[in-house]
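As a plain string of letters, each chain reads:
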Amino acid sequence: MEYQKAAELNGLCNGKIVTEYLCRNGFSELTVDTKKVAVQHKHETSRKEAEDESRLPALEAAYSTILRGLGENTDRQGLLKTPLRAAKAMQFLTKGYHETIYDILNDAIFDEDHEELVIVKDIDMFSLCEHHLVPFFGKVHIGYLPSKKVVGLSKLARIVEIYSRRLQVQERLTKQIAMAISEALQPVGVAVVIEAAHMCMVMRGVQKMNSRTVTSAMLGAFREDPKAREEFLALTKSAQ
């Protein structure tokens, strides 16, 4: 068996925060210390906020350089604070790099005798294309087949937020959301569908205003069982 630390597994095991993880012959030896990890999270958040603050001057200077490179006068009234505003905006739009499912799930996974399909659909999603740094946005549909454990529904939307607030491609974003839910809940199956409009195809390039990109990730029963997959797709399609 491979030995791993909790940090490599997003710090979750059966819905609990784990500070140590040791596998031996398929069995897990766990040490759970919720209070200690909560303090560590608070310290880590403060450290990341301080890092963001320290990087602002460099980002601000970079945006000033871009504006001057476009032929703009950065001293005119309308642009005086634009580099700083743009730097702060970019930090917000990529704040998902500082977050993991470990940060949001905590006590939101519950033991429940439920094994039927759970779907949260039409979750608004906004992200940045990593190729052109322009937005793509749309809807995310998530479904999972529980294995005696369910998650607070709002947490599924928060998982979408974590991975969409990064420089992304839609294909990877879809898979990351599915994998995160699968690792956290260990369900029978997970399905994720994203339909999005990409500004790199609308505002530039081919400039196709009505184009939409649809991606899916099917894990477990949704990949192996056509009936489960068809049920999920039928229920999400009916919402559109």
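For the structure, check the block above.
Residues numbered from 1 in each chain as written. Predicted model: local features only at pLDDT ≥ 70, side-chain atom pairs only at ≥ 80, totals over all residues. Heavy atoms only, no water.

Chemist: Which parts of the structure should I look at to understand the nonpolar core?
Modeler: Val-140, Ile-142 and Ile-177 are the most contacted members of the largest nonpolar core, which has 36 residues in total. Those elements that provide at least two residues to this core are helix 3 (101–105), strand 6 (118–129), strand 7 (135–145), strand 8 (149–151), helix 4 (153–164), helix 5 (170–185), strand 10 (189–198) and helix 6 (199–202). With seven residues, helix 5 is the single largest residue contributor to this core. Setting aside residues no more than four positions away along its own chain, Val-140 makes contact with Val-120, Lys-121, Asp-122, Ile-123, Met-125, Val-160, Ile-177, Val-192, Val-193 and Ile-194. If you look at the next biggest cluster of nonpolar residues, it comprises nine residues, including Leu-145, Ala-191, Ala-221 and Ala-228. (Core = buried A, V, L, I, M, F, W, Y, C linked by side-chain atoms within 4.5 Å. Buried < 20%, exposed > 50% of the residue type's maximum accessible area, 1.4 Å probe, protein only. Helix = DSSP H or I, 4+ residues; strand = E, 2+ residues; numbered from the N terminus. Contact = heavy atoms within 4.5 Å.)

Chemist: Please clarify how the packing of helix 4 against helix 5 should be interpreted in this entry.
Modeler: The relative placement of two packed helices comes down to the angle between their axes together with the axis-to-axis distance. Interaxial distance between helix 4 and helix 5 falls to 10 Å at its minimum, and their mutual angle equals 135 degrees. With respect to helix 5, the element helix 4 is oriented oblique. Pair helix 4 / helix 5 crosses with right-handed handedness. Across the interface between the two elements, Leu-156, Ile-159, Val-160, Tyr-163 and Ser-164 from helix 4 touch Leu-173, Gln-176, Ile-177, Ala-180 and Ile-181 from helix 5. Considered class by class, the residues forming the contact of helix 4 with helix 5 number eight nonpolar, two polar and no charged. (Axes fitted to C-alpha atoms, helices over the stretch in contact; angles between N-to-C directions. Parallel < 35°, antiparallel > 145°, perpendicular 65-115°, else oblique. Left-handed = near helix turned anticlockwise from the far one by under 90°. Nonpolar A, V, L, I, M, F, W, Y, C, P; charged D, E, K, R; others polar.)

Chemist: Is there a simple way to explain helix 4 in this structure?
Modeler: An α-helical segment advances 3.6 residues per turn. Residues three or four places apart therefore align on the same side. If you check helix 4, its first and last C-alpha atoms are 18 Å apart, about what twelve residues at 1.5 Å a residue would give, namely 16 Å. For helix 4, the full list of buried residues reads Leu-156, Ile-159, Val-160, Ile-162, Tyr-163 and Ser-164. Along its buried surface, helix 4 packs onto helix 3, strand 6, strand 7, strand 8, strand 9 (167–168) and helix 5. (Expected span 1.5 Å × (residues − 1).)

Chemist: Quick question: what am I supposed to make of unusual backbone geometry here?
Modeler: Comment: phi is negative for the bulk of residues other than glycine, and the bulk of peptide bonds are trans. Its identity is not glycine, yet Leu-133 carries a phi of approximately 60 degrees, on the positive side. Summarising the element assignment, Leu-133 is placed in the loop between strand 6 and strand 7. Looking at Leu-133, the relative accessible area reads 46%, which means it is partly exposed.

Chemist: Would you take a moment to explain the pattern of salt bridges for this structure?
Modeler: It is possible for side chains of opposite charge to pair when their charged atoms get near one another. Taken as a whole, this structure holds nine salt bridges when the rule is applied. Lys-95 is the partner of Glu-99 in a salt bridge, and the nearest nitrogen-oxygen pair spans 3.8 Å. For Lys-95, a relative accessible area of 22% corresponds to the partly exposed category. The closest approach of N and O atoms between Asp-113 and Lys-148, which form a salt bridge, is 2.6 Å. Of the two residues, Asp-113 sits in the loop between strand 5 (109–111) and strand 6 while Lys-148 sits in the loop between strand 7 and strand 8, which places them 35 residues apart along the sequence. Salt bridges here are not isolated pairs; linked through shared partners, they connect Lys-95, Glu-99, Glu-161 and Arg-165. (Salt bridge = Lys/Arg side-chain N within 4 Å of Asp/Glu carboxyl O.)

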